[in-house]
Amino acid sequence: MRVGMGYDVHQLTENRHLILGGVDIPHTMGLLGHSDADVLLHAVMDALLGAAALGDIGKHFPDTDERYRGISSLKLLSRVGDLLRQKYYVIENIDATVIAQQPKLRPYIAQMEQNIADTLGIDQSQVSVKATTEEHLGFTGREEGIAANAVCLLSTIYESSVTVADSQPGCAGCPGC
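Residues numbered from 1 in each chain as written. Predicted model: local features only at pLDDT ≥ 70, side-chain atom pairs only at ≥ 80, totals over all residues. Heavy atoms only, no water.

### A word on the nonpolar core
And then number 1: Membership of the largest hydrophobic core comes to 47 residues, with the highest contact counts inside it found for Leu20, Val44, Leu48, Leu84, Ile94, Ile116 and Leu154.
And then number 2: When contributions to this core are tallied by element, the ones reaching two or more residues are β2 (18-20), β3 (23-25), α1 (39-51), α3 (73-86), β5 (89-99), α4 (109-120), β6 (127-132) and β7 (145-156).
And then number 3: Tallying contributions element by element places α1 first for this core, with ten residues.
And then number 4: Beyond its immediate chain neighbours, meaning those up to four positions away, Ile116 contacts Leu40, Leu41, Val44, Leu77, Ile94, Val127 and Val129. (Core = buried A, V, L, I, M, F, W, Y, C linked by side-chain atoms within 4.5 Å. Buried < 20%, exposed > 50% of the residue type's maximum accessible area, 1.4 Å probe, protein only. Helix = DSSP H or I, 4+ residues; strand = E, 2+ residues; numbered from the N terminus. Contact = heavy atoms within 4.5 Å.)

### Considering the pattern of salt bridges
And then number 1: Within the structure shown, the criterion is met by five salt bridges.
And then number 2: Between Arg85 and Asp82 there is a salt bridge, with its nearest N and O atoms 2.7 Å apart. Separated by three residues within a single helix, Arg85 and Asp82 lie in helix α3, roughly one turn from each other.
And then number 3: One salt bridge connects Asp95 with Lys130, and the closest N-O pair in it is separated by 2.4 Å. Here Asp95, found in strand β5, pairs with Lys130, found in strand β6; they are 35 residues apart in sequence, far enough to count as distant.
And then number 4: On the accessibility criterion, Asp95 (28% relative accessible area) is partly exposed.
And then number 5: The exposure class assigned to Lys130 is partly exposed, which follows from its relative accessible area of 31%. (Salt bridge = Lys/Arg side-chain N within 4 Å of Asp/Glu carboxyl O.)

### With respect to the pairing of β6
And then number 1: In the sheet, β5 pairs with β6 via six bridges, with the strands oriented parallel. Residue pairing across strands places Ile99 opposite Thr132, the latter belonging to β6.
And then number 2: At this point the chain moves from β5, through α4, to the parallel β6, and the crossover so formed is right-handed. (Pairing = 2+ DSSP bridges. Right-handed = clockwise from strand over helix to strand, strands pointing away.)

### Overview of the environment of Asp46
And then number 1: Tracing the sequence through the fold places Asp46 in helix α1.
And then number 2: Along the chain, Asp46 and Val80 lie 34 residues apart, while their C-alpha atoms are 9.3 Å from each other.
And then number 3: In contact with Asp46, other than residues within four places in its own chain, are Met5, Gly6, Tyr7, Asp56 and Ile57.

This is the structure we're talking about:
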């Protein structure tokens, strides 16, 4: 089993869409960044890449590369999922928190979770997204930016298959089962 953690922050600015978890959220400001600046997905990707010891999103998708200008972070997350499968990792779960004073995110969380799950080919029950404020403290509390934290647990297909085999009650016809 491998544990990864990710953290990201982006500045709020005018004339940008606010994209979190692949959801376009109505708001007066959006996040500044080279891609769509989806701070939630960036934290999730860094957690997944870190758990697999594959570096970070800057290594795989540098902000100096024009191919990634304005790109949907869901596309980048899909590529991270491909990298994990190539290395035979299985995503056990993802837990993430968005830190934002405004807007209220509760109405969008289920869609964020579904977007992450669908993009990675896992069940929505393996993804948890939460949101909190910092009670008007710090840069998020002053509505200057939005931050996100994420943790994940990976296993290899080998660990996963042993776990499944160990959980079975035994096989018919085998001595000692």
